[in-house]
Amino acid sequence: MDEKELEKLGLSAEQVKAVCELHAAEMQKQSQTISTLEAEKGQLETQLGEANKTLQGYDPEWKAKAEQAQKDAESKVNALRRDFAAKECAAALHFSSESAKRAFLADFAAKELPLQDGKFLGFDDYVKAYRESDPAAFRQEEDQPPPPRFSSSTPGVHSEGTLKDQANAAIRAAFGVQS
């Protein structure tokens, strides 16, 4: 931005001068900040170089050990993610037993399907093939327990009394007690 552009916007000469002074002050401030940060960066790079030389003096293989530790940590985290995602995917399936579920998860882990956004690519195809190869590992629809019963009809009075009364009468009769 220059003075002519500000004048075209309708600012007076005094206003243009004030805006330019403010802009120059801000630019000077930013320039000082950049210079300070560059100096700090140079100091930190020097410190890092010295620290690396010191570490190499203590343990020449420190860098390789640090990289290996990083790789090991990433490997463990990825294994935990895959295990959790596999268990989550298998939770929707109805296995015939816990051992069938463990066998499915072990075979699935050996398959090493790619994991993307917490879901395995090709999981449905794998389940379909597994169902065909081992149908006994999954519960059939008719094997599933009936849904729980939340209510029942209220027993009414029968012409011969309630079922409880009939049961009591049968017990009394069996023992020879008259009611």
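Residues numbered from 1 in each chain as written. Predicted model: local features only at pLDDT ≥ 70, side-chain atom pairs only at ≥ 80, totals over all residues. Heavy atoms only, no water.

Caption draft 1: Seen up close, the overall build of the chain. When helices and strands are counted, the chain shows 6 helices and 2 strands. In the chain, the succession of α and β elements from N to C terminus is α-α-α-α-β-β-α-α. Within the span of the chain, comprising 179 residues, buried residues form 12% of the whole. Considering only contacts within the chain whose residues lie at least 6 apart along the sequence, 43% involve residues at least 24 apart. A total accessible area of about 14,900 Å² is found for the chain, and carbon and sulfur atoms account for 54% of it. (Helix = DSSP H or I, 4+ residues; strand = E, 2+ residues; numbered from the N terminus. Buried < 20%, exposed > 50% of the residue type's maximum accessible area, 1.4 Å probe, protein only. Contact = heavy atoms within 4.5 Å. Areas by Shrake-Rupley, 256 points an atom, 1.4 Å probe, with all protein chains shown as cover.)

Caption draft 2: Structural view of the packing of aromatic side chains. Following the criterion strictly, the structure yields 12 aromatic pairs and no others. Here the aromatic rings of Phe 95 and Phe 104 are separated by 5.3 Å at their centres, their planes lie at 50°, and the arrangement is tilted. Of the two residues, Phe 95 and Phe 104, both sit in the buried class. Members of the aromatic cluster, connected to one another through ring pairs, are Phe 95, Phe 104, Phe 108, Phe 120, Phe 123, Tyr 126, Tyr 130 and Phe 138. The ring of Phe 138 carries the charged tip of Arg 131 above its face, separated from the ring centre by 4.3 Å. (Phe/Tyr/Trp six-rings, centres within 6.5 Å; stacked < 30°, edge-to-face > 60°. Lys NZ or Arg CZ within 6 Å of the ring centre and 35° of its normal.)

Caption draft 3: A look at the packing of helix 3 (residues 62–90) against helix 4 (residues 98–111). Direction vectors running N to C along helix 3 and helix 4 enclose 130°, while the axes themselves pass 11 Å from each other. Comparing the axis directions of helix 3 and helix 4 gives the class oblique. In the crossing of helix 3 with helix 4, the sense of the turn from one axis to the other is right-handed. In contact with Ala 86, Lys 87 and Ala 90 of helix 3, helix 4 contributes Phe 104, Leu 105 and Phe 108. Looking at the contact of helix 3 with helix 4 residue by residue, the class counts come to 5 nonpolar, no polar and 1 charged. (Axes fitted to C-alpha atoms, helices over the stretch in contact; angles between N-to-C directions. Parallel < 35°, antiparallel > 145°, perpendicular 65-115°, else oblique. Left-handed = near helix turned anticlockwise from the far one by under 90°. Nonpolar A, V, L, I, M, F, W, Y, C, P; charged D, E, K, R; others polar.)

Caption draft 4: Here's a closer look at the confidence of the model for the chain. In the predicted model, the chain carries a mean pLDDT of 82, and 87% of its residues have values of at least 70. Of all helices and strands in the chain, the one with the weakest mean pLDDT is helix 1 (residues 3–8) (80), whereas helix 5 (residues 123–133) scores best (89). (pLDDT = per-residue confidence, 0-100.)

Caption draft 5: View of the pattern of salt bridges. Applying the stated criterion across every chain yields a total of 2 salt bridges. Asp 83 is the partner of Lys 87 in a salt bridge, and the nearest nitrogen-oxygen pair spans 3.6 Å. Taken as a pair, Lys 87 and Asp 83 lie in helix 3 at a separation of 4 residues, close to a single helical turn. (Salt bridge = Lys/Arg side-chain N within 4 Å of Asp/Glu carboxyl O.)

Caption draft 6: Structural context of a nonpolar patch on the surface. A contiguous nonpolar patch, built from Ile 171, Phe 175 and Val 177 and spanning about 330 Å² of accessible area, is present on the exposed surface. With respect to the secondary-structure elements, Val 177 resides in the segment after helix 6 (163–175). By relative accessible area, which is 46% here, Val 177 ends up partly exposed. (Patch = residues over 30% accessible without salt bridge, like charges linked within 9 Å, V, L, I, M, F, W, Y side chains within 5 Å.)

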